[in-house]
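Close look at the chain arrangement
Below, each chain spelled out in residue letters.
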Amino acid sequence: MRIMLCKKILALALTGALLSCGGGGDVEVASAGAAARTAASVFRSPLTAAPIVAGQTQITLVSDAGDYVGAGQSFAYTQADAVITVRAEGGHLRVTVGGDEQWTGDFELPAPHEVFDVNEYLGVTRYPFHQPEVGGLNWGGGGRGCGPLAGSFRINSSEYAGAELVAIDLDFVQQCEGATGALHGNIRWFASDSTSPPRPVRAIPSTLWSPLPGTTPSGGTFVHLASSSVGDPIGAGIRATYTPRNAQVAVAEFGGHLTVSVIGDERWSGDFQVMAGVARLRPGWYPALKRHPVHNPTKGGMYWSGERRSCSQVEAWFVVDEVTYVDGELATLDMRFQQHCEWAGAPALNGRIRWDINDRTGPALPRRAALDRLWQPAPGAPIPATGNYVYLYSEPGDFVGGGMHGSYSSGISVGSSGSTVSVSTNGYSGTFIGMSSIPRLRRGYYPNLQSTSGYNPARGGMLWSTLMRRCWEIKGWFAIDHIRYDSVGSIIELDMRFMQSCEGTQPPLRGAIHWVRPS
């Protein structure tokens, strides 16, 4: 009992109240006048992190060495560089700061007070676990906060319009249990403050990255990526241009948030957010950006990722060179960006994005001219003279086929759905998918294919496997020599060939399929 009482005394000592722990366990509390005289010493007023401007909302934090929440740093925010909200409801004040750092503060008056009049509240503990008759506070952010804490807050001035709080000047001090230092803060808030974040910089610096002439298409929709080094954690040195001919490119904008998706031989996604107060993309430079969505809302944010690669922080910018809207919908866009993972000096990922809502370019269609140049079973291969068959020719070292050569003429099943054909026989199964530009498979050559688990929809995909043996990645092709459908879209005749190499480097598995639906 005596130990707990002394702990409470030590916590209250932070606020300047004069307490002593007597030998018999009795507590002697100093007079109210003495407490008031010493209370000012716990508030660091005025805080010197930034100059005070009359009528301007400003939040200032000064952290002592040893303070866990502020980590020994000083911070200052105005509405020009942070989104600051202050709301009073009854005796509870909630403060949020969305800047380069994110903070949340709660201040609770002692019951039954519900008006933030000029006053001091000493010896408060952590909200919402405080004693109602004493009051509470809690300030935290950046993933840091106190467990038990001791603190005080002082209202220097306040103003109400009717029952609504419209201005307040508040000091506070907070010390986490066990910490050697405290966090000191000042909140000056005016509902009438019209300060707003900056707008995009219209004078775009000529030194910002642009793709070299001739490295991007002259028009139409495309996404061009130029990673400066294999040391770039996201781009890993890639140089690639994606158009609707070789990838599925999607662009959408709502409320100043642009999303870009690329599903091609690689997969990418990008988020670009304009600063608070800007309703939609505008031409200009958006500098000093952090990773979306944990960015400073007054600056905007961005993040480009893909290929299962990511980074926890970014230093970035983007430039909108041209943008147009038609009936509120994004119609054309030409923009550039640069992103450094983790720190500003890291290798850069650069990109250019062009979008044209009227671009009707689609993926290439199957090529018929190449059919005669593709692999075919050699003369004398063990293929039945009549009837259905699946012939497999596996090179030694091929994981799926295991080096076997031979044909299967029974137990063959063929099905179709849209541009997908599935074939199974004797423990093997194959899936063959055409490019997204065709509603169903047609005669022709389907090159440069990836596994169906992550294929490029502009090219199609394929995979031949068994229950026990399959590739995670492949390089392959298939060719439709003849295909016929019935009136409801089901295949009734199929002649095709294919080749697949596991992981793109292993010896190939080749196959030929002849199938006529039994009558």
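Below you will find a few notes about this structure. Please read these numbers as outputs of a predicted model, since none were measured by experiment.

1. Focus on the overall build of the protein
A count of helices and strands for the protein gives two helices and 32 strands. For 519 residues, the compact-globule formula gives about 24 Å, and the C-alpha radius of gyration of the protein, at 34 Å, lies well above that figure. Referenced to the eigenvectors of the C-alpha coordinate spread, the extents of the protein come out at roughly 110 × 60 × 45 Å. Summed over its atoms, the accessible surface of the protein is roughly 24500 Å², and 52% of this surface lies on carbon and sulfur atoms. Distance between charge centres in the protein, computed from 41 positive and 44 negative side chains, equals 10 Å.

2. Things to note about a positive patch on the surface
Among the surface-exposed residues, R199, R202, R280 and R282 lie close enough to one another that they form a single positively charged patch. With respect to the secondary-structure elements, R199 resides in the loop between β12 (183–190) and β13 (222–227).

3. Examining the sheet that holds strand β29 (residues 461–466)
One open sheet holds the four strands; their spatial order is β25-β26-β27-β29, and the pairing between them is antiparallel. Looking at strand neighbours, the two that pair on one side only are β25 (413–417) and β29, the edges of this open sheet. Neighbour-to-neighbour, the strand axes of the sheet open up by a mean angle of 10°, direction not taken into account. Note: strand β27 (residues 428–433) against β29, six bridges, orientation antiparallel. If you follow S429 over to β29, its bridge partner there is S465.

4. A closer look at the pattern of salt bridges
In this structure the tally under the stated criterion is 14 salt bridges. In this structure, R188 and D169 form a salt bridge, with 3.1 Å as the shortest nitrogen-oxygen distance. Taken together, the residues R188 in strand β12 and D169 in strand β11 (residues 164–176) connect sequence positions 19 residues apart. One exposure class covers both R188 and D169, and it is buried. For the salt bridge of D265 with R459, the shortest nitrogen-to-oxygen distance reads 2.9 Å.

5. Side note on the packing of aromatic side chains
Considering all chains together, one arrives at 21 aromatic pairs under this definition. Through a chain of ring-to-ring contacts, the aromatic side chains of F75, Y77, W103, F107, Y121, W139, F153 and F172 assemble into a single cluster. In this structure, R280 is placed above the aromatic ring of Y325, and the distance from its NZ or CZ to the ring centre is 4.0 Å. Over the ring of Y485 we find R440, and its NZ or CZ is 4.2 Å from the ring centre.

6. A few points about unusual backbone geometry
The omega torsion across A111 and P112 is 10°, close enough to zero to call that bond cis. Structurally, P112 is set in the loop between β7 (102–108) and β8 (119–126). A cis amide bond links Y127 with the next residue in sequence, P128, at an omega value of 5°. Along the chain, the position of P128 falls in the loop between β8 and β9 (136–141). Backbone geometry at A236 places phi at a positive 50°, although glycine is not the residue there.

7. Description of the state of the cysteines
In the structure shown here, the tally under the stated rule is three disulfides. The residue that forms a disulfide with C146 is C176, at a sulfur-sulfur distance of 1.9 Å. Between C146 and C176 the sulfur-sulfur dihedral comes to about -70°; the bridge is accordingly left-handed. Of the two residues, C146 is situated in the loop between β9 and β10 (149–161) and C176 in strand β11; the sequence distance between them amounts to 30 residues. Of the two residues examined, C146 and C176, each falls in the buried class.

8. Some details on the pairing of β11
With respect to burial, β11 is a largely interior element, 12 of its 13 residues being buried. Summarising the sheet, β10 and β11 pair through 12 bridges and their orientation is antiparallel. The residue bridging A150 from the neighbouring strand is Q175, located in β11. The hairpin turn running from β10 into β11, its antiparallel successor, is two residues long, and G162 in that turn takes a positive phi close to 70°. The pairing of β11 with β12 spans eight bridges and is antiparallel. Along β12, the bridge assignment pairs D171 with N186. What sits between β11 and β12 in their antiparallel hairpin is a turn of six residues, with G178 showing a positive phi close to 90°.

9. A look at the pairing of strand β5 (residues 83–89)
Sheet topology places β5 next to strand β6 (residues 92–98); seven bridges connect them, and they run antiparallel. Each bridged residue has a counterpart across the sheet, and for A88 the counterpart in β6 is L93. In this structure, the hairpin formed by β5 and β6 is closed by a connection of two residues, where G90 is found at a positive phi of approximately 65°.

10. Considerations on the side chain of R188
Accessibility expressed as a relative area gives 15% for R188, which makes it buried. In this structure the side chain of R188 is engaged in a polar contact, spanning 3.1 Å, whose partner is the side chain of D169. Residues contacting R188, with those up to four places away along its chain left out, are I52, V53, Q56, T57, Q58, I168 and D169.

11. Quick notes on the sheet that holds strand β18 (residues 284–291)
The sheet built from 10 strands is open, its strands ordered β14-β13-β22-β21-β20-β18-β19-β17-β16-β15 with mixed pairing. Looking at which strands have only one partner, the edges of the open sheet turn out to be β14 (239–242) and β15 (248–254). Ignoring strand direction, the axes of neighbouring strands in this sheet form an average angle of 15°. Pairing of β18 with strand β19 (residues 301–306), which is carried by two bridges, proceeds in the parallel orientation. Across the sheet, the residue bridging to R291 is M302, located in β19.

12. Re the nonpolar core
Core analysis: the biggest nonpolar cluster contains 38 residues, and F272, W304 and F318 have the highest contact counts within it. Those residues in contact with W304, other than ones at most four positions away along the chain, are V223, L225, I234, V260, W268, S269, G270, F272, F337, Q339, L349 and I353.

13. Overview of the environment of S305
Here S305 is to be found in strand β19. In sequence terms S305 and G91 are 214 residues apart; their C-alpha atoms lie 45 Å from each other. Apart from the residues lying within four places of it in its own chain, the contact partners of S305 are I234, R267, W268 and S269.

Cut-offs used in this document
- Residues numbered from 1 in each chain as written.
- Predicted model: local features only at pLDDT ≥ 70, side-chain atom pairs only at ≥ 80, totals over all residues.
- Heavy atoms only, no water.
- Helix = DSSP H or I, 4+ residues; strand = E, 2+ residues; numbered from the N terminus.
- Rg over C-alpha atoms; globule rule 2.2 N^0.38 Å.
- Areas by Shrake-Rupley, 256 points an atom, 1.4 Å probe, with all protein chains shown as cover.
- Lys, Arg positive; Asp, Glu negative; His and termini not counted.
- Charge placed at Lys NZ, Arg CZ, Asp CG, Glu CD.
- Patch = residues over 30% accessible without salt bridge, like charges linked within 9 Å, V, L, I, M, F, W, Y side chains within 5 Å.
- Salt bridge = Lys/Arg side-chain N within 4 Å of Asp/Glu carboxyl O.
- Pairing = 2+ DSSP bridges.
- Axes fitted to C-alpha atoms, helices over the stretch in contact; angles between N-to-C directions.
- Buried < 20%, exposed > 50% of the residue type's maximum accessible area, 1.4 Å probe, protein only.
- Phe/Tyr/Trp six-rings, centres within 6.5 Å; stacked < 30°, edge-to-face > 60°.
- Lys NZ or Arg CZ within 6 Å of the ring centre and 35° of its normal.
- Disulfide = S-S within 2.5 Å.
- Polar contact = N/O pair within 3.5 Å; in protein donor to acceptor, adjacent residues only side chain to side chain.
- Contact = heavy atoms within 4.5 Å.
- Core = buried A, V, L, I, M, F, W, Y, C linked by side-chain atoms within 4.5 Å.

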